[in-house]
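A closer look at the structure
Each chain is listed here by its residues.
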Amino acid sequence: MSEAPLPTVLVVAVALIDVDGRVLIAQRPEGKALAGLWEFPGGKVEPGERPEQALIRELNEELGIDVNEACLAPFVFASHAYESFHLLMPLYLCRRWSGVVTKREHAALAWVKPNKLSDYPMPPADAPLVAWLRDLL
Ligand code: 523
């Protein structure tokens, strides 16, 4: 008998890119899954949300910034089978936002040159995106 397939969880994430071409990564806090690892900020898409709406909400909650949907460029899909669910995660690119990026829910934030991103341990879904980003930027 084959086992039941893992549920799929849709998560959205973003590579915020500043005027110097640095990318924002955020360290997951203690008490959460994957604590201590550096992620592209984002979160789960709630029922009834479009992915872009979910990302705009998450960026406001987590980083205190406002993003216009027209400034979100879809980029690439990450996909990873975690222990209890399969994560599907489109990563968007964003170069424009309003407000100041502020640490609200993470342990730390870092603006990192693309060629230095691999120095930061990342969740398994995020890590393969680094090479794409490095080649693109
Ligand atoms: N990831 C992930 N990479 C990444 C994000 C934003 C999230 O691998 N860039 C994973 C981590 C969690 C799941 O996606 O397993 C949901 O993340 P999040 O941060 O929205 O949810 P948590 O950890 O706060 O979980 P809940 O408490 O269930 O909301």
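Above this note sits the structure.
Everything in this summary refers to the structure shown in the same document. Note that the coordinates shown come from a computational prediction; the quantities given were computed from them, not determined experimentally. (Residues numbered from 1 in each chain as written. Predicted model: local features only at pLDDT ≥ 70, side-chain atom pairs only at ≥ 80, totals over all residues. Heavy atoms only, no water.)

Points about the side chain of Glu58
Relative to the helices and strands, Glu58 is located in helix α1 (residues 51-63). Assessed through its relative accessible area of 8%, Glu58 is described here as buried. The residues contacting Glu58, other than those within four sequence positions of it, are Gly42, Gly43, Lys44 and Leu63. (Helix = DSSP H or I, 4+ residues; strand = E, 2+ residues; numbered from the N terminus. Buried < 20%, exposed > 50% of the residue type's maximum accessible area, 1.4 Å probe, protein only. Contact = heavy atoms within 4.5 Å.)

What about the sheet that holds strand β5 (residues 73-81)?
If you trace the 4 strands from one edge of the open sheet to the other, you get β4-β1-β6-β5, paired in mixed fashion. Two strands in the sheet have a free side with no partner beyond their single neighbour: β4 (42-44) and β5. On average, adjacent strands in this sheet sit at an angle of 20° to one another, irrespective of strand direction. Contacts from α1 reach β1 (8-16), β4 and β6 (86-94) within the one sheet, and its direction differs from that of β1 by about 60°. (Pairing = 2+ DSSP bridges. Axes fitted to C-alpha atoms, helices over the stretch in contact; angles between N-to-C directions.)

A look at the site of the ligand
The immediate surroundings of the ligand are formed by 16 residues, with Arg28, Lys32, Lys44, Tyr82 and Asp126 found nearest. Between a nitrogen atom of the ligand and a side-chain N or O atom of Asp126, the distance comes to 2.6 Å. Within the complex, the protein chains bury 77% of what would otherwise be the 590 Å² of accessible surface of the ligand. Elements that contribute at least two residues to the shell around the ligand include exactly β4 and β6. The biggest single contributor to the shell around the ligand is β4, with 3 residues. (Near = heavy atom within 4 Å. Polar contact = N/O pair within 3.5 Å; in protein donor to acceptor, adjacent residues only side chain to side chain. Areas by Shrake-Rupley, 256 points an atom, 1.4 Å probe, with all protein chains shown as cover.)

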